[in-house]
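Fold and geometry: a report
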Amino acid sequence: MSITSKRINWWEPQIGEEEKALLLEVLESNFLNDGEYTTRFEQMLAELLGCKHAVAVTNGTSALFLALVGSGIGPGDEVIVPDITFIATANAVALAGAKPVLVDVDPKTLNISPAGLEQSITSHTKAVIPVHVSGRPADMPAILSIAAKHDLIVIEDAAEALLSKLNKKCLGTFGQAGIISFSPNKTITTGQGGVILLDEDTLEVRLRELKDQGRPVRGTGGEDTHDRVGYNFKLTNLQAAIGIAQLGNLPARIVRMKQNYLQYLEKLKDIEELTLLPFNVENGEVPQWVDVLTLRRDELIEFLEAREIFCKKFWFPMHTHDPYLMPDENFPNSTRLAAQAFWLPSCFSLTNADVDLVCNYIREFFGKN
Ligand SMILES: Cc1ncc(COP(=O)(O)O)c(C=O)c1O
């Protein structure tokens, strides 16, 4: 067995000189709180993603929570979420005091099944949170039409889908609100961070109050008025400075992530035992992470790890976690497929040679060399 000299990670963030320079600027300004860099970051995001407002907050989970609470969702309400997602989607619903209702996924995309969504609607259902796993669009035309028919609010969890598009429109801008995460395994990072995307002016005012202790205007602190219960979910100038610098590298990252996917597809397409989940990159979909299915998942991951190549297994389906426990038979697709699913190395810092190396080992594993 030959061992590669270089470790190939599943993911790694990248911080450069621009981040350091902007951070220094903020430090020297002596205003570290949510401030003008946060506003600049928000404006850049709204312009880039094509929505009227972008409200920056502490992370993707709080962004979901605020979008729910700002939309009037709370105790007694049900919110439909897919059974395959990072648990933050369901946790944000629980934090808002509502009940997450889990729905099985479409086996072709591992995103929420529109048919399952429609079947799960009750008189208590107030909203649905489609998740664009790995940057792959959920079936938004079907979801929006079901939501319109049943008067449901749509809040998109686009945590993993920065600048990924469906029909030329960015994911996260289809529903009443959408969120993106800037945690370290996302296309751009602010350490922790998130944003809520939306068009509606009244909701924007409500979200800004909710993220800052319920005050419509931040004054001296002592004499501020607080019109509603609110929280502290502000994104600081320090984090925003890093975000602004990261946005400068975004176009190159997107090119590389698309290249990663296309190269994996080309080199692995003849392996029948391995299925790459599809991305329509020509249509603007951005594969933040390259996800694959194989019945020999754990064995393959171990084989690659022994060669210093690291992958990441999919999350366990939500219905298997203690807080959201439900029988497997209600979720045939997620139960079967989550156990086969994992992410190949997907960093935007990979080279063609790195991806070739990974592919060659995968081919060797399946006896294809
Ligand atoms: C699908 C999904 N939803 C929500 C989140 C929560 O985002 P954060 O970690 O920024 O709270 C994440 C990422 O971590 C995610 O992948």
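The present account deals with the structure reproduced in this document.

Calculation rules
- Residues numbered from 1 in each chain as written.
- Predicted model: local features only at pLDDT ≥ 70, side-chain atom pairs only at ≥ 80, totals over all residues.
- Heavy atoms only, no water.
- Helix = DSSP H or I, 4+ residues; strand = E, 2+ residues; numbered from the N terminus.
- Buried < 20%, exposed > 50% of the residue type's maximum accessible area, 1.4 Å probe, protein only.
- Polar contact = N/O pair within 3.5 Å; in protein donor to acceptor, adjacent residues only side chain to side chain.
- Contact = heavy atoms within 4.5 Å.
- Right-handed = clockwise from strand over helix to strand, strands pointing away.
- Pairing = 2+ DSSP bridges.
- Arc of directions from axis to C-beta.
- Near = heavy atom within 4 Å.
- Areas by Shrake-Rupley, 256 points an atom, 1.4 Å probe, with all protein chains shown as cover.
- Nonpolar A, V, L, I, M, F, W, Y, C, P; charged D, E, K, R; others polar.
- Axes fitted to C-alpha atoms, helices over the stretch in contact; angles between N-to-C directions.
- Parallel < 35°, antiparallel > 145°, perpendicular 65-115°, else oblique.

Here's the deal with the side chain of Lys 211
Relative to the assigned elements, Lys 211 resides in helix 7 (residues 201-211). Note on Lys 211: relative accessible area 4%, which makes it buried. For Lys 211, the side chain forms a polar contact with the side chain of Asp 34, separated by 2.8 Å. When residues no more than four places from it in sequence are discounted, the contact partners of Lys 211 are Asp 34, Thr 38, Glu 42, Val 55, Ala 56, Val 57, Leu 66, Tyr 231, Asn 232, Phe 233, Lys 234 and Leu 235.

Describing the pairing of strand 2 (residues 78-82)
Burial runs high along strand 2: five of the five residues are buried. One crossover worth recording links strand 2 to the parallel strand 3 (residues 99-103) by way of helix 4 (residues 88-95), and it is right-handed. One ladder, built from three bridges, connects strand 2 with strand 4 (residues 125-128); its direction is parallel. If you follow Val 79 over to strand 4, its bridge partner there is Ala 127.

A short note on helix 6 (residues 140-150)
Among all positions in helix 6, only Met 140, Ile 143, Ile 146 and Ala 147 are buried. Viewed end-on, helix 6 has its buried residues packed into an arc of 130 degrees, placing them on one side of the element. Projecting away from the buried face of helix 6 at angles above 90 degrees are the exposed residues Ala 148 and Lys 149. For helix 6, the secondary structure elements touched by its buried residues are helix 5 (114-119), strand 4, strand 5 (153-157) and strand 6 (165-166). With its phi angle positive at about 55 degrees, Asp 151 sits one or two positions after the end of helix 6.

Description of the site of the ligand
Near the ligand, the surroundings consist of 15 residues, among which Gly 60, Thr 61, Asp 157, Glu 160 and Ser 181 are the closest. Contact between the ligand and Ser 181: an oxygen atom at 2.8 Å from a side-chain N or O atom of the residue. Lys 186 has a polar side-chain atom sitting 3.0 Å from an oxygen atom of the ligand. When the free accessible area of the ligand is taken as 380 Å², the share hidden by the protein chains comes to 93%. Only helix 3 (60-70) and helix 4 provide two or more residues apiece to the shell around the ligand. Here the residues of the shell around the ligand sort into four nonpolar, eight polar and three charged.

Looking at the packing of helix 8 (residues 237-248) against helix 9 (residues 250-268)
Between helix 8 and helix 9, the least distance of the axes is 5 Å, while the angle of their chain directions is 55 degrees. On the basis of their axis angle, the class for helix 8 and helix 9 is oblique. Only Leu 250, Pro 251 and Arg 253 of helix 9 make contact with helix 8, whose side of the interface consists of Gln 246, Leu 247 and Gly 248.

Comments concerning the environment of Lys 312
Summarising the element assignment, Lys 312 is placed in strand 12 (residues 312-313). Taking the C-alpha atoms as reference points, Lys 312 and Gln 14, separated by 298 residues in sequence, lie 19 Å from one another. If near-sequence neighbours (up to four positions away) are discounted, Lys 312 is found in contact with Trp 10, Asn 185, Phe 342 and Trp 343.

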